[in-house]
Amino acid sequence: MTKKLISLDVNGRRYDLWVAPSDLLLDVLHDELGLPEVRYGCGEGVCGTCTVQFDGHPVSACLMFAVQAEGHQVTTASALLGEGSGNGGELHPLQECMLRHGGAQCGFCTPGMLLTAERLAKRATRPSREEIRYELVGNLCRCTGYTKILDAVEEYVEGAERA
Ligand code: FES
Ligand code: FES
């Protein structure tokens, strides 16, 4: 298949890459750019482990072709919350909430969960517990039973509102 040269803006950095039209954004981010926090789970847009922010909105990278990302900003959890985030090595307040409430166990779902929750906290109005639950419905977790995650996100959005 003929490859095409595209430019991707990922975590504020530009990458020029040769990709096939059928290459998934998930595979390019994980395999080509070496971003382990973008994870393959179901490959069908159901589990949310491949979540990235696409122009600031959470999307499933397994449902997008890499060529569709040209000209858009892609953000993964490492840029938003971890190393290279400009936090000086400090945990992001959302990570602190997750830690405090035990919202991450094996951690496989956590990057996607954090990206969805981070976006949610930027809404104009404070989301209710039910709205948080609804927004996170596309991010599955096999470990926590969700209550601890909801507690963590609820505390975070309250804090984000005060900030
Ligand atoms: S791997 Fe993309 S939603 Fe499951
Ligand atoms: S913490 Fe293990 S899948 Fe969510």
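Keep in mind the model is a prediction, meaning the values are calculated, not measured. (Residues numbered from 1 in each chain as written. Chains lettered and ligands numbered in written order. Predicted model: local features only at pLDDT ≥ 70, side-chain atom pairs only at ≥ 80, totals over all residues. Heavy atoms only, no water.)

Caption draft 1: Spotlight on the overall build of the protein chain. Scanning the protein chain for helices and strands turns up 6 helices and 5 strands. If you list the helices and strands of the protein chain from N to C, you get β-β-α-β-β-β-α-α-α-α-α. In terms of its C-alpha atoms, the protein chain occupies a principal-axis envelope of roughly 50 × 30 × 30 Å. Every one of the 163 residues in the protein chain was classed for burial, and the buried ones make up 40%. Of the contacts made within the protein chain by residues no fewer than 6 positions apart, 54% connect residues no fewer than 24 positions apart. Of the accessible surface of the protein chain, which amounts to about 8700 Å², a share of 51% is contributed by carbon and sulfur atoms. Taking the average location of the 15 positive side-chain charges in the protein chain and that of its 22 negative ones, the two points are 2 Å from each other. (Helix = DSSP H or I, 4+ residues; strand = E, 2+ residues; numbered from the N terminus. Buried < 20%, exposed > 50% of the residue type's maximum accessible area, 1.4 Å probe, protein only. Contact = heavy atoms within 4.5 Å. Areas by Shrake-Rupley, 256 points an atom, 1.4 Å probe, with all protein chains shown as cover. Lys, Arg positive; Asp, Glu negative; His and termini not counted. Charge placed at Lys NZ, Arg CZ, Asp CG, Glu CD.)

Caption draft 2: Region of the structure containing the packing of helix H3 (residues 93-101) against helix H4 (residues 110-120). Running from N to C, H3 and H4 point in directions that differ by 125°, and their axes come no closer than 11 Å. On the basis of the axis angle, H3 is oblique to H4. Relative to H4, the crossing made by H3 is right-handed. Residues Leu94, Gln95 and Met98 of H3 form the contact with H4, whose participating residues are Thr110, Leu114, Ala117 and Glu118. For the contact of H3 with H4, a count of residues per class yields 4 nonpolar, 2 polar and 1 charged. (Axes fitted to C-alpha atoms, helices over the stretch in contact; angles between N-to-C directions. Parallel < 35°, antiparallel > 145°, perpendicular 65-115°, else oblique. Left-handed = near helix turned anticlockwise from the far one by under 90°. Nonpolar A, V, L, I, M, F, W, Y, C, P; charged D, E, K, R; others polar.)

Caption draft 3: Just H4, in detail. With 10 of 11 residues buried, H4 lies mostly within the body of the structure. Restricting attention to buried positions, one finds in H4 the residues Thr110, Pro111, Gly112, Met113, Leu114, Leu115, Thr116, Ala117, Glu118 and Leu120.

Caption draft 4: Geometry of the pattern of salt bridges. A full pass over the atoms with the stated rule returns 10 salt bridges. Ionic contacts of the salt-bridge type, sharing partners, join the residues Arg123, Glu131 and Glu135 into one network. (Salt bridge = Lys/Arg side-chain N within 4 Å of Asp/Glu carboxyl O.)

Caption draft 5: Just the sheet that holds strand S2 (residues 13-19), in detail. Sheet architecture is open: 5 strands sit in the order S2-S1-S5-S3-S4, paired in mixed fashion. In the strand order of this sheet, the two ends are held by S2 and strand S4 (57-60), each with one partner. The average angle at which neighbouring strand axes cross in this sheet is 40°, direction not considered. Bridge count between strand S1 (residues 4-10) and S2: 7 bridges; the pairing is antiparallel. (Pairing = 2+ DSSP bridges.)

Caption draft 6: Representation of the domain arrangement of the protein chain within the structure. For the protein chain, the domain assignment lists domain 1 (4-80) and domain 2 (93-162). Summarising the inter-unit geometry, the C-alpha centres of domain 1 and domain 2 are found 22 Å apart. The interface is formed by 18 residues belonging to domain 1 together with 12 residues belonging to domain 2. Between domain 1 and domain 2, a total of about 1200 Å² is buried, with carbon and sulfur atoms accounting for 62% of that surface. Between domain 1 and domain 2 we count 9 residue pairs in polar contact (both at pLDDT 80 or more) in total. Elements supplying a minimum of two residues to the side of domain 1 that touches domain 2: strand S3 (51-54), S4 and helix H2 (77-81). Among the elements that make up the side of domain 1 that touches domain 2, the one with the highest residue count is S3 (3 residues). Looking at the side of domain 1 that touches domain 2, its residues break down into 7 nonpolar, 9 polar and 2 charged. (Domains from an automatic or database assignment. Buried area = accessible area lost by both parts, 1.4 Å probe. Polar contact = N/O pair within 3.5 Å; in protein donor to acceptor, adjacent residues only side chain to side chain.)

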